[in-house]
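# Breakdown of the fold
Single-letter residue listing:
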Amino acid sequence: METIASGRIAVWEGGSLWVFDVPGAGEAPSRTEMHAHHAFQLTFSLGGSFTFSVEDGVVTGPFAIVAPDTLHAFQAQGLVSHLFVEPESRAGRTLEQLMQGRQVASMTAAQAQDSPDLILAAFHHPQDPRVALRQVGMKITDRIAGHTRVAEPDRRVRQIIKWAIENLDRSPGIDEAARGVGLSPSRASHLFVEETGLPFRTYVLWLRLVRAVDARIAGKTLTEAAQEAGFSDSAHLSRTFKRMFGLPAAALELS
C-alpha cells in the first residue's frame, strides 16, 4: 500500500487532532474519495494547501469546518491538521450553532486565532509531540466550548453514550442500552437518532474506529488494532476507515 501521508494523531475523549504532511511538490495534490464521518472536522493549513468538495460547492483553505455526516472529498498538499470534535460534546454543540446548518464553511483568521501556531509547535515538540498535540487539541476544543452557552444532549442519550463506551468490548446493543435508561428499544433508537443524527449501531461503529486509531497510535498493527477494537478482521477495519475518512488506514504512516 502506497503511503499517501505521514504524521501524528492524538486522541482524547470527545475529539482527536491529526497532523499530516502530504507529499507531492510539483505533483497533483492527493485526494480522498467521497466519505462522511460522525464528527465536526476543523482543518487548518500549517503551510500546506487544501480543498473540500461537497455536494453543493467547494471550500478552500487556509481554515475550514465540515459538519458531521457530510459527504465530502478532501484534497491536500503539504502540512495540514484536522481537529475532529464529536458533536455530542460541548464544543460540538457550539460548532453546531456556529455552522447554522451549513455543510462546510471557511473560517476567518480571527476565528482560527493562534490554533495553527499552537498545533505546529506541538507537532515539532522535541520530547513528546503526541502528548503536546493532545494538550493543544483539548485546549482548542475547550476554547470553542466556552464561546457560547449550549444545551447538552438529552440526559438519557448521554447515559446511553457512556454505557456504550464502557461496554464496547462486548458489542453493546440498543435493547440493553434502552433498559438502562427506562425506555423501549424503539423509543431509545428514535431519541438517539434525534439527538446525535445517526443510529446507535453506527455510533458504536464510530467508537470502534476511534479505538482502532488509538491502538494504531500505540504501535499496534492493523490486525491487532482491528481485534482490539472489535472488528471482525483488518479488512473490516480498513473498509470502515475508508468509508469514514476516504482513504485506506494503511495509507497513513504514523510516527
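This report concerns the structure included in the present document. (Residues numbered from 1 in each chain as written. Predicted model: local features only at pLDDT ≥ 70, side-chain atom pairs only at ≥ 80, totals over all residues. Heavy atoms only, no water.)

Turning our attention to the environment of V54. Of note, V54 is situated in strand 5 (residues 49-54). Residue classification places V54 among the buried residues on the basis of a relative accessible area of 9%. Placed 59 residues apart in sequence, V54 and Q113 show a C-alpha to C-alpha distance of 25 Å. Residues contacting V54, with those up to four places away along its chain left out, are T70, L71, H72, Q103 and V104. (Helix = DSSP H or I, 4+ residues; strand = E, 2+ residues; numbered from the N terminus. Buried < 20%, exposed > 50% of the residue type's maximum accessible area, 1.4 Å probe, protein only. Contact = heavy atoms within 4.5 Å.)

Quick look at the pairing of strand 5 now. On any regular strand, side chains alternate: one points to one face of the sheet, the next to the other face. With six bridges joining them, strand 5 and strand 8 (residues 72-85) adopt antiparallel strand pairing. Directly across from S49, in strand 8, lies its bridge partner Q77. In terms of strand pairing, strand 5 meets strand 6 (residues 57-60) through four bridges, oriented antiparallel. Counterpart to V54 in the pairing with strand 6 is G57. Between strand 5 and strand 6, which pair antiparallel and follow one another directly, the connecting turn spans two residues. (Pairing = 2+ DSSP bridges.)

Turning our eyes to something else, we now look at the packing of helix 3 (residues 115-123) against helix 4 (residues 129-145). Running from N to C, helix 3 and helix 4 cross one another at 160 degrees; their axes reach a closest spacing of 8 Å. If you check the angle between helix 3 and helix 4, you find them roughly antiparallel. The interaxial crossing formed by helix 3 with helix 4 has right-handed handedness. Residues S115, L118, I119, A122 and F123 of helix 3 form the contact with helix 4, whose own contacting residues are P129, A132, L133, V136, K139, I140 and R143. (Axes fitted to C-alpha atoms, helices over the stretch in contact; angles between N-to-C directions. Parallel < 35°, antiparallel > 145°, perpendicular 65-115°, else oblique. Left-handed = near helix turned anticlockwise from the far one by under 90°.)

According to the stated counting rule, one finds 13 aromatic pairs in the structure shown. Geometrically, the ring pair formed by F52 and F74 is tilted, given 5.0 Å between the ring centres and 45 degrees between the ring planes. Here F52 is found in strand 5, whereas its partner F74 is found in strand 8, with 22 residues between them in sequence. Judged by relative accessible area, F52 falls into the buried class, the value being 0%. Residue classification places F74 among the buried positions, given a relative accessible area of 9%. Seen in terms of ring centroids, W206 and F245 are 6.1 Å apart; in terms of plane orientation they differ by 45 degrees. Their pairing is tilted. Here W206, found in helix 8 (residues 200-217), pairs with F245, found in helix 10 (residues 234-245); they are 39 residues apart in sequence, far enough to count as distant. The exposure class assigned to W206 is buried, which follows from its relative accessible area of 4%. Among the residues examined, F245 registers a relative accessible area of 8% and is labelled buried. Grouped by ring-pair contacts, the aromatic residues W18, F20, F84, W206, F241 and F245 constitute a single cluster. Over the ring of F123 we find R8, and its NZ or CZ is 4.8 Å from the ring centre. (Phe/Tyr/Trp six-rings, centres within 6.5 Å; stacked < 30°, edge-to-face > 60°. Lys NZ or Arg CZ within 6 Å of the ring centre and 35° of its normal.)

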